[in-house]
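# Chains, contacts and geometry: an overview
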Amino acid sequence: MQRAQVVGLSWPLPDGLDAATLEQRLFPPSPATGPVPHLAPDWSTVHHELKRKGVTLFLLWQEYKATTPEGFQYSWFCQAYRAWASKLSLVMRQSHRAGEKLFVDYAGQSIPIVNGQTGEVQEAALLIAVLGASSSTSVEATWTQSLPDWIASHVRTFAALGGVPDIVVPDNLKAAVTRAHRYEPELNRTYADYVTLKVM
């Protein structure tokens, strides 16, 4: 009866209204749920923004919803972006021998450490070391990115991994690299000596 009232039907039904037409008026088909082209964000812009420090899909979706209130919900946004990104061509494929390379670098963002007694918050650097072949990962927080912390983190990383790789591949951070260069960077002497001694 409620459906009949909504569509303006009353009893007796109008002459010539057959069962199929009545059903269509009472139960109209659901509107299409596929993406509407003018509501979809520019995925190449989303992809580019994700490369920036601290930017997440959730943050980009919030910005999208602020400018397009009738736009799609977060789950659709993530699913559609991943479908778009999966069609991008891969630019490089790397293969690694087991134990050959260990990639080391500090994470882009520091993490807050809260003193349980005083409540004081101090930022800590996060060192990440990943073996190329197995993706076995070691993560450690240190108070600084200075050379002593950098070397000490390597000592603990090698101990955690149970050995040393053939090659350690650091990024161009100051504790490891004195002079940055695309092909021939100049390593800090202490770090170079330590890594060479450990690998030999």
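Residues numbered from 1 in each chain as written. Predicted model: local features only at pLDDT ≥ 70, side-chain atom pairs only at ≥ 80, totals over all residues. Heavy atoms only, no water.

### Quick word on the overall build of the protein chain
Just so we agree on the cut-off: Note on conventions: DSSP H or I runs of at least 4 residues are helices, E runs of at least 2 residues are strands, and numbering of each starts at the N terminus. Residue contacts follow a heavy-atom distance rule, with two residues in contact if any of their heavy atoms lie within 4.5 Å. Residue burial considers only the protein chains on display, and all accessible areas are found by Shrake-Rupley using a 1.4 Å probe.
Summing up its helical and strand segments, the protein chain has seven helices and seven strands in all. The linear arrangement of helices and strands in the protein chain, starting from the amino end, is α-α-α-α-α-β-β-β-β-α-β-β-β-α. Residue pairs at least 24 apart in sequence account for 47% of intrachain contacts in the protein chain once pairs closer than 6 positions are excluded. Surface accessibility of the protein chain: about 14300 Å² in total, with carbon and sulfur atoms responsible for 56%.

### A look at the side chain of Thr142
Selection criterion: Throughout, exposure labels follow a simple rule: accessible area from a 1.4 Å probe, protein chains only, divided by the maximum for the residue type, with under 20% read as buried, over 50% as exposed, and the rest as partly exposed. Polar contacts here mean pairs of N or O atoms no more than 3.5 Å apart (in protein, one a potential hydrogen donor and the other a potential acceptor; neighbouring residues in sequence count only if both atoms are side-chain atoms).
The residue Thr142 is located in strand β4 (residues 137-142) in this model. Look at Thr142 and you get buried, because its relative accessible area is 5%. A distance of 2.8 Å separates a polar atom in the side chain of Thr142 from the backbone oxygen of Thr144. Discounting residues that sit within four places of it in the chain, Thr142 has contacts with Tyr106, Ala124, Ala125, Asp149, Ser153 and Arg156.

### Some words on the nonpolar core
Our working definition: We define a nonpolar core as any set of buried Ala, Val, Leu, Ile, Met, Phe, Trp, Tyr and Cys residues linked to one another through side-chain atoms lying within 4.5 Å.
Membership of the largest hydrophobic core comes to 14 residues, with the highest contact counts inside it found for Trp43, Val46, Leu57, Tyr64, Trp76 and Phe77. For this core, the secondary-structure elements that each account for two or more residues are α3 (43-49), α4 (57-67) and α5 (74-85). At five residues, the largest contribution of residues to this core is made by α5. Leaving out residues up to four positions away in the same chain, Trp43 has contacts with Trp76, Phe77, Ala80, Tyr81 and Trp84. Counting 12 residues, the second-largest nonpolar core is a separate cluster that includes Ala125, Ala129, Val168 and Tyr191.

### Overview of the packing of aromatic side chains
Our working rule: Stacked, tilted and edge-to-face pairs are distinguished by plane angle, under 30 degrees for stacked and over 60 for edge-to-face with tilted covering the rest, among Phe, Tyr and Trp rings (Trp via its six-membered ring) whose centres lie within 6.5 Å.
Scanning the model with the defined rule gives 10 aromatic pairs in all. Here the aromatic rings of Tyr64 and Phe77 are separated by 5.4 Å at their centres, their planes lie at 35°, and the arrangement is tilted. Remark: Phe77 occurs in helix α5 and Tyr64 occurs in helix α4; sequence separation between them is 13 residues. On the basis of relative accessible area, Tyr64 is assigned to the buried category, the value being 7%. Among the residues examined, Phe77 registers a relative accessible area of 0% and is labelled buried. Where Phe72 meets Trp76, the ring centres are 4.1 Å apart and the plane angle is 35°; that geometry is what we call tilted. Judged by its relative accessible area of 14%, Phe72 falls in the buried class.

### With respect to the environment of Gly8
As for its placement among the helices and strands, Gly8 is situated in the loop between α1 (2-6) and α2 (19-26). Overall, Gly8 belongs to the exposed group, its relative accessible area being 59%. Distance in space between the C-alpha atoms of Gly8 and Leu26 is 9.8 Å, their sequence separation being 18 residues.

### What about the pairing of strand β3 (residues 121-131)?
What counts is decided by this rule: Pairs of strands are assigned from DSSP output, requiring at least two bridges between the strands.
With five bridges connecting them, strand β1 (residues 101-106) and β3 associate as antiparallel partners. Note that in β3 the partner of Asp105 across the bridge is Ile128. Across four bridges, the pairing between strand β2 (residues 111-114) and β3 is antiparallel. If you follow Ile113 over to β3, its bridge partner there is Gln122. A loop of six residues connects β2 with β3, the two strands running antiparallel in sequence, and Gly119 in this loop sits at a positive phi of about 80°. With six bridges joining them, β3 and β4 adopt antiparallel strand pairing. Along β4, the bridge assignment pairs Val130 with Thr137. Counted between consecutive antiparallel strands, the loop separating β3 from β4 contains five residues, among which Ser135 sits at a positive phi close to 60°.

### What to know about the pattern of salt bridges
Rule in force here: Put simply, a salt bridge is a Lys or Arg side-chain nitrogen that is within 4 Å of an Asp or Glu carboxyl oxygen.
As enumerated under the stated definition, the model contains four salt bridges in all. For Arg97, the salt bridge is made with Glu100, and the minimal N-O distance between the two is 3.9 Å. Assessed through its relative accessible area of 16%, Glu100 is described here as buried. Among the charged side chains, a salt-bridge network with shared partners connects Arg97, Glu100 and Asp166.

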